[in-house]
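# Observations on chain architecture
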Amino acid sequence: GAGVSQSPSNKVTEKGKDVELRCDPISGHTALYWYRQRLGQGLEFLIYFQGNSAPDKSGLPSDRFSAERTGESVSTLTIQRTQQEDSAVYLCASGKLNTEAFFGQGTRLTVV
Amino acid sequence: ELKVEQNPLFLSMQEGKNYTIYCNYSTTSDRLYWYRQDPGKSLESLFVLLSNGAVKQEGRLMASLDTKARLSTLHITAAVHDLSATYFCAVAPGSSASKIIFGSGTRLSIRP
């Protein structure tokens, strides 16, 4: 079956522009997670969805970051007025209760 | 706030040797996960540990969970070069649906 799909795989944007990252989870997975991974670093939690509600937004670094999810389907992570420190790989994962999270291949964002 | 600490952060070892990676976490949880990440790739699930005393084995890797001590271990037996990667533990706090927090990762390098 299909895994978690993220698009685009690579994105280069100019500082100050807005970007939208997309995640298509595995069908039937109620939980969806967004993480940020800077080069050579660990995974920084951003936000978690259960269905289309976000019980935990505690990891969003600033009000420039927002995310939404349609039902138990696609999610978008939006970064407004991008800064160079936003450059990283953004990873999306989906799962069910008491199973592991399955990861997509990530979107590599470069802000120039 | 849930903290997940791994040690060591870097490990260089010879083929054929045994070693253990430790994962400590700071709050009650009965869901712990181990992942592997190869350079430039996404994360691959290795083990799901859901109860105190759980032990899982796959090839040369064995993971265990002690929820009372809030400690999980990943043991490597007779290491081979193909196991070179970064290994992450991750914890979901509590027992209901929640976010998953990752440790900083252990970068494992196995030399001939």
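Look a little higher up for the structure.
What this report covers is the structure whose coordinates are included nearby. (Residues numbered from 1 in each chain as written. Chains lettered and ligands numbered in written order. Predicted model: local features only at pLDDT ≥ 70, side-chain atom pairs only at ≥ 80, totals over all residues. Heavy atoms only, no water.)

## Details of the interface of chain A and chain B
Size of an interface, as often reported, equals the accessible area lost when the parts are brought together. Facing the 21 residues of chain A at the interface are 20 residues of chain B. Together, the buried faces of chain A and chain B total about 1,600 Å²; carbon and sulfur atoms form 56% of this surface. On the chain A side of the interface with chain B, the three residues burying the most area are A:Leu43, A:Asn98 and A:Glu100, jointly 29% of the side's total. If you look at where chain A meets chain B, you find one salt bridge. The partner of B:Lys99 in a salt bridge is A:Asp56, and the shortest N-O contact between them spans 3.2 Å. At the junction of chain A with chain B, the criterion picks out nine residue pairs in polar contact (both at pLDDT 80 or more). Elements that contribute at least two residues to the side of chain A that touches chain B include exactly β4 (31-37) and β5 (44-50) of chain A. (Contact = heavy atoms within 4.5 Å. Buried area = accessible area lost by both parts, 1.4 Å probe. Salt bridge = Lys/Arg side-chain N within 4 Å of Asp/Glu carboxyl O. Polar contact = N/O pair within 3.5 Å; in protein donor to acceptor, adjacent residues only side chain to side chain. Helix = DSSP H or I, 4+ residues; strand = E, 2+ residues; numbered from the N terminus.)

## Side note on the environment of B:Tyr87
Residue and element names in this part refer to chain B. The topology assignment puts tyrosine 87 in strand β9 (residues 85-91). Judged by relative accessible area, which is 1%, tyrosine 87 ranks as buried. Along the backbone, tyrosine 87 and glutamine 37 are 50 residues apart, and their C-alpha atoms lie at a distance of 6.3 Å. When sequence neighbours within four positions are dropped, the list of residues in contact with tyrosine 87 reads Gln6, Ile21, Tyr35, Arg36, Leu46, Leu61, Leu74, Gly105, Thr106 and Leu108. (Buried < 20%, exposed > 50% of the residue type's maximum accessible area, 1.4 Å probe, protein only.)

## Topic: the nonpolar core
A:Tyr35, A:Phe103, B:Trp34, B:Tyr35, B:Ile100 and B:Phe102 are the most contacted members of the largest nonpolar core, which totals 46 residues. A total of six residues in this core trace back to one element, the largest contributor, which is β9(B). Those residues within four positions of A:Phe103 in sequence are excluded, and the remaining contacts are A:Val4, A:Tyr35, A:Leu43, A:Leu91, A:Cys92, A:Ala93, B:Tyr35, B:Ser42, B:Leu43 and B:Phe102. (Core = buried A, V, L, I, M, F, W, Y, C linked by side-chain atoms within 4.5 Å.)

## Here we look at the packing of aromatic side chains
Enumeration according to the criterion identifies nine aromatic pairs over all chains in this entry. Here the aromatic rings of A:Tyr35 and A:Phe45 are separated by 6.0 Å at their centres, their planes lie at 70°, and the arrangement is edge-to-face. Note that A:Tyr35 is positioned in strand β4 and A:Phe45 in strand β5, a separation of ten residues in sequence. With respect to burial, A:Tyr35 and A:Phe45 carry one shared label: buried. A centroid spacing of 5.4 Å and a plane angle of 45° characterise the contact between B:Tyr35 and B:Phe102, whose relative ring orientation is tilted. Taken together, the residues span a long stretch of sequence, with B:Tyr35 in strand β4 (residues 32-37) and B:Phe102 in strand β10 (residues 101-102) at a distance of 67 residues. Classification of B:Phe102 as buried rests on a relative accessible area of 7%. Following the ring pairs from residue to residue traces out a cluster consisting of A:Tyr33, A:Tyr35, A:Phe45, A:Tyr48, A:Phe103, B:Tyr35, B:Phe88 and B:Phe102. (Phe/Tyr/Trp six-rings, centres within 6.5 Å; stacked < 30°, edge-to-face > 60°.)

## Let's talk about the pattern of salt bridges
Residues and elements named next belong to chain A. Applying the stated rule across the entire model yields six salt bridges over all chains. A salt bridge links arginine 64 to aspartate 86, with the nearest nitrogen and oxygen atoms 2.8 Å apart. Within this pair, whereas arginine 64 is found in the loop between β6 (53-56) and β7 (65-69), its partner aspartate 86 is found in the loop between β8 (75-79) and β9 (88-95), the two being separated by 22 residues in sequence. The structure contains a network of salt bridges with shared partners spanning Arg36, Arg38 and Glu44.

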